[in-house]
Amino acid sequence: MGNPTKENSHCADSSSTAASPSPSPLPSASASLPNKNLESNNNHRKRPFQPQDETHTPSRQKTIETNNETIQSLKLEAIFHPKFENEKQNDQQIRTDMIDRVSNRQGTLEVTLKHSGSLILWSGGQRYYSKNAVDNVHTAVGEVLLRQHFSRAWLMEDAMNRFKTDDKMATSTVATTATQTATATDGNEDKIVLDLTIQNDHGNGCDDLHEMKYLECSDYIQQHRLTLSFELVTSVLGHHGDIPKRDYMVLIAIADRTTGKFYTTTEVIELAQRFRLPHNDTWIYQSKESTLHLFELYDSMRETGLASTVIQTLSKYADGGHVKSMNPHEVFQGQILEGIVIRYVGLPQSKRKLDSDAKMETDVSSSSCDMDQHCAIMSKLCKQSESILNAVPPEKRLLIKSNQDSGSILLLKTDVRELFEKNDSATFASILSQICQKSNISCDEKSDKEMNRRIIKKVNKKDANIDIPTIVSKIIENGNMDEETRRIATLIQTIENLELSADYNIIREVHENPLTSDIIERYLCIIHIHRDSCFQKYHVATRMTDSMPLYRGFSIELCSTESARKQPPHQSLGLLTKLDLVRLTSSDNTCHSDDGPLMLKMKFLPYMVRTFICRNGLSTLTKNGTQRFNKYAFEQLTKWNISKDMIAKYLDFFHGWAKYCESPSQKNSDGDILSPLNSSNYLHHYYHFESLYSCGHFKLKDTKESFCGLVVVVCLEKKKVKNFAHKLSDAIGCSRMLTDVNVMSNLDMAPAIQKKGGGI
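Residues numbered from 1 in each chain as written. Predicted model: local features only at pLDDT ≥ 70, side-chain atom pairs only at ≥ 80, totals over all residues. Heavy atoms only, no water.

1. Observations concerning the overall build of the chain
And then number 1: Scanning the chain from terminus to terminus reveals 26 helices and 20 strands.
And then number 2: The proportion of buried residues among the 760 residues of the chain is 55%.
And then number 3: Partitioning the intrachain contacts of the chain with sequence separation of at least 6 by distance along the chain shows that 78% fall at a separation of at least 24.
And then number 4: About 33,800 Å² of surface is accessible on the chain, with carbon and sulfur atoms providing 48% of the total. (Helix = DSSP H or I, 4+ residues; strand = E, 2+ residues; numbered from the N terminus. Buried < 20%, exposed > 50% of the residue type's maximum accessible area, 1.4 Å probe, protein only. Contact = heavy atoms within 4.5 Å. Areas by Shrake-Rupley, 256 points an atom, 1.4 Å probe, with all protein chains shown as cover.)

2. Re the nonpolar core
And then number 1: Among the nonpolar cores identified, the biggest contains 55 residues, and Trp122, Val141, Leu146, Leu228 and Leu277 are the most heavily contacted of them.
And then number 2: For this core, the leading source of residues is helix 3 (residues 137-164), giving 13 residues.
And then number 3: Membership of the second largest hydrophobic core comes to 44 residues, among which are Leu76, Ile79, Phe80 and Ile468. (Core = buried A, V, L, I, M, F, W, Y, C linked by side-chain atoms within 4.5 Å.)

3. Quick notes on the sheet that holds strand 1 (residues 71-80)
Strand pairing in a sheet takes place through backbone hydrogen bonds and is either antiparallel or parallel in direction.
And then number 1: Across the sheet, which stays open at both edges, the five strands sit in the order 1-19-18-17-16 with antiparallel pairing between neighbours. Of all strands in the sheet, those bounded by a partner on one side alone are strand 1 and strand 16 (455-458). On average, each strand axis in the sheet is tilted by 30° relative to the strand beside it, whichever way the strands run.
And then number 2: Bridge count for strand 18 (residues 519-529) against strand 19 (residues 552-560) is five bridges, and the pairing is antiparallel. Residue pairing in the sheet places cysteine 525 in a bridge with isoleucine 556 of strand 19. (Pairing = 2+ DSSP bridges. Axes fitted to C-alpha atoms, helices over the stretch in contact; angles between N-to-C directions.)

4. Quick notes on the sheet that holds strand 20 (residues 599-603)
And then number 1: Pairing is antiparallel in the open sheet, where five strands are placed in the order 11-10-2-12-20. Every other strand in the sheet has two partners, leaving strand 11 (322-323) and strand 20 as the edge strands with one partner each.
And then number 2: Relative to strand 12 (residues 339-346), strand 2 (residues 107-114) runs antiparallel, the two sharing eight bridges. Residue pairing in the sheet places threonine 112 in a bridge with valine 341 of strand 12.
And then number 3: Sheet contacts for helix 8 (residues 307-317): strand 2, strand 10 (282-285), strand 11 and strand 12; angle to strand 10, the most-contacted strand, approximately 40°.

5. Details of the side chain of glutamate 509
And then number 1: Here glutamate 509 shows up in strand 17 (residues 502-512).
And then number 2: Take glutamate 509: its relative accessible area is 1%, and that puts it in the buried class.
And then number 3: One polar contact links glutamate 509 to arginine 454, side chain to side chain, over a distance of 2.6 Å. (Polar contact = N/O pair within 3.5 Å; in protein donor to acceptor, adjacent residues only side chain to side chain.)

6. What about the pairing of strand 10?
In regular strands, side chains alternate between the two faces of the sheet.
And then number 1: Of the two faces of strand 10, both are covered, the one formed by Thr282 and Ile284 as well as the one formed by Trp283 and Tyr285.
And then number 2: The pairing of strand 2 with strand 10 spans four bridges and is classified as antiparallel. By the bridge assignment, leucine 109 is partnered in strand 10 with tyrosine 285.
And then number 3: Note: strand 10 against strand 11, two bridges, orientation antiparallel. Paired with threonine 282 across the strands is valine 323, a residue of strand 11.

7. Comments concerning the packing of helix 15 (residues 468-478) against helix 16 (residues 483-497)
And then number 1: Close contact between helix 15 and helix 16 brings their axes to 9 Å; oriented N to C, the two are set at 130°. By the criterion of interaxial angle, the relationship of helix 15 to helix 16 is oblique. As for the relative orientation of helix 15 and helix 16, their crossing is left-handed in sense. Residues Ile468, Pro469, Val472, Ile475 and Ile476 of helix 15 lie in contact with helix 16, whose contacting residues are Thr485, Ala489, Thr490, Ile492, Gln493 and Glu496. (Parallel < 35°, antiparallel > 145°, perpendicular 65-115°, else oblique. Left-handed = near helix turned anticlockwise from the far one by under 90°.)

8. Here we look at the packing of aromatic side chains
And then number 1: Applying the stated criterion to the full structure yields 27 aromatic pairs.
And then number 2: Seen in terms of ring centroids, tyrosine 650 and phenylalanine 654 are 5.7 Å apart; in terms of plane orientation they differ by 20°. Their pairing is stacked. Here phenylalanine 654 and tyrosine 650 lie together in helix 23 (residues 644-662), a separation of four residues that amounts to about one turn.
And then number 3: Judged by its relative accessible area of 0%, phenylalanine 654 falls in the buried class.
And then number 4: Taken together, the ring pairs connect Phe629, Tyr650, Phe653, Phe654, Trp657, Tyr660, Tyr682, Tyr686, Tyr687, Phe689, Tyr693 and Phe698 into an aromatic cluster.
And then number 5: The ring centre of phenylalanine 332 lies 4.4 Å from the NZ or CZ of arginine 246, which sits over that ring. (Phe/Tyr/Trp six-rings, centres within 6.5 Å; stacked < 30°, edge-to-face > 60°. Lys NZ or Arg CZ within 6 Å of the ring centre and 35° of its normal.)

9. Details of the environment of leucine 398
And then number 1: Take leucine 398: it is sitting in strand 15 (residues 397-401).
And then number 2: Residue classification places leucine 398 among the buried residues on the basis of a relative accessible area of 14%.
And then number 3: Separated by 208 residues in the primary sequence, leucine 398 and aspartate 190 have C-alpha atoms spaced 8.8 Å apart.

So, in structure tokens, the structure goes:
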């Protein structure tokens, strides 16, 4: 089985002068044909594809000179939330603050699920990025799965209707370029096969409904300078807490790069539902009683909680409703749940007005009115999520079948899991890249030309004479810069001044428009922060300033003198409209003083023991042996404040896991060959070990009248007490004896507290 090495990525796009407006009205969830509400967007589908914003004029030149001297401005290209950790914060104090604010009707709590996967960012078009890289196996898998999601989201309803109707109806068409039929697969009602038989010469055009929706969504993202962040959950990019039942994606954030702000949960869901993107499950808690139930739920389930019971209980007490995801955790991921995220969301301040000095004042209005309005919005989103689930049932799988491999058909037919299992990691990545290369969408309805793929190459910074700290210093020294450039430059200067560990990787992107032969060339910089501690250090240094946050998934565009002349100037904050100022001031409604958001990230033990001990502890086990691994496991459990009984249960389990890892099996119980054990494929071995352990293998054997604990024998002369100590140890069934109590450690006590381990 292949095992691609984990990588991270992201990258580019250009700027727009307008801030992102609110999402437009949602189309009907039950529509199986293009909705009239979206007809205004169809003109964008017919225009020649451009991988940059509408305001960006492409260059016809083959090259643009870009170096330390010519780079004049900087633009945000792809961003994700700054690193958030609450392990060192006072959990109880945050809970108390949340309860008090909800009790006073100042806001609500939003609860979402944590899906276990890899971060993927999409800035529209072909611009897919992982956390610290671009154009790798992560981005290829992300592109394939997202485009397959669009086919499922927009073709499933019609496919089910074809399956339910007579043969005459089953031969009708949705798109003018393909004959489509739907049938059940092998009598299994949870699978619907859609047979696409290409009838034109250049493949399945962008007038197919799912491709049209994909392009509409891409156009919207580019026009409004957005970056969409997804959790990419798959079995082919390294193992986490469980092998997911299906490979899928979940939309977890939307960044507005014009302002540097992130969409609220409500805005994320509204945009997701407009294009049927797979947003996360969200529960709303709006009273003191429901909030108390929420924390009681977690406290009672943190050591044993599985997805089915946790989700059922969350829904039971969420008095503000449950906005359901298109990709339910139980159906797509399984029972092992990483955790939940609880955010306090302050209600948006009511009607605002601006005086002549552009200073904000808030009109007097009751919090009850605000709460009612917020509840009405969430209720609408809850109903819309139900409608979408009725149109696209999660238990149904859409399988694309065709005798053609042209256009996007090959990509839609690809099963990434099957492809991965049949190839080594390098071959898998190569084939997947070729599939993406062949999956181009037609430029417009009448053209037989297709969009060219962008060409990405890493640049040697020294040879290209591009040094980011030097460029930033020159830009700041020059002083003539737009607001976005100023904030990015200040951020990089702060990174350098604080001596944070960071890399600036330069990427050259070249794209040719097949209709106009325009050459679009851009230089991008991926800012890679190496250590999590850097985020907190930066936050502390900048919290009393207007500095830009230190994003993850952080990429910027380097704009040269030549390219800058072809783009309109950025708006500075001083030139924003009154509406923009309201949004900038009011959008950050999760704020919790200068220490960060009022937010809790709460994980469940079944996930934690797999990832943080069985997987992450493999290196300790390999390098230092079983005893050191047992110590590592014990320290993790005690750090997490796990109960004594659960520690005893898991230490026995970890002892068995360590014994298994000393000589891993080559085949599982079904006779399937197991790849050599490593952190990327550990779950295949974990499942096999779990079945063996449940049958009694690798367990600590019971000792007759085994003693659990510690006995210290004290005597004036050690020699005289030694024989007595040996006899006592044998009599009560101790596992070992130490001659010096001063050298005893947690490593010694870990097995001593196990019921079957024997004391000391």
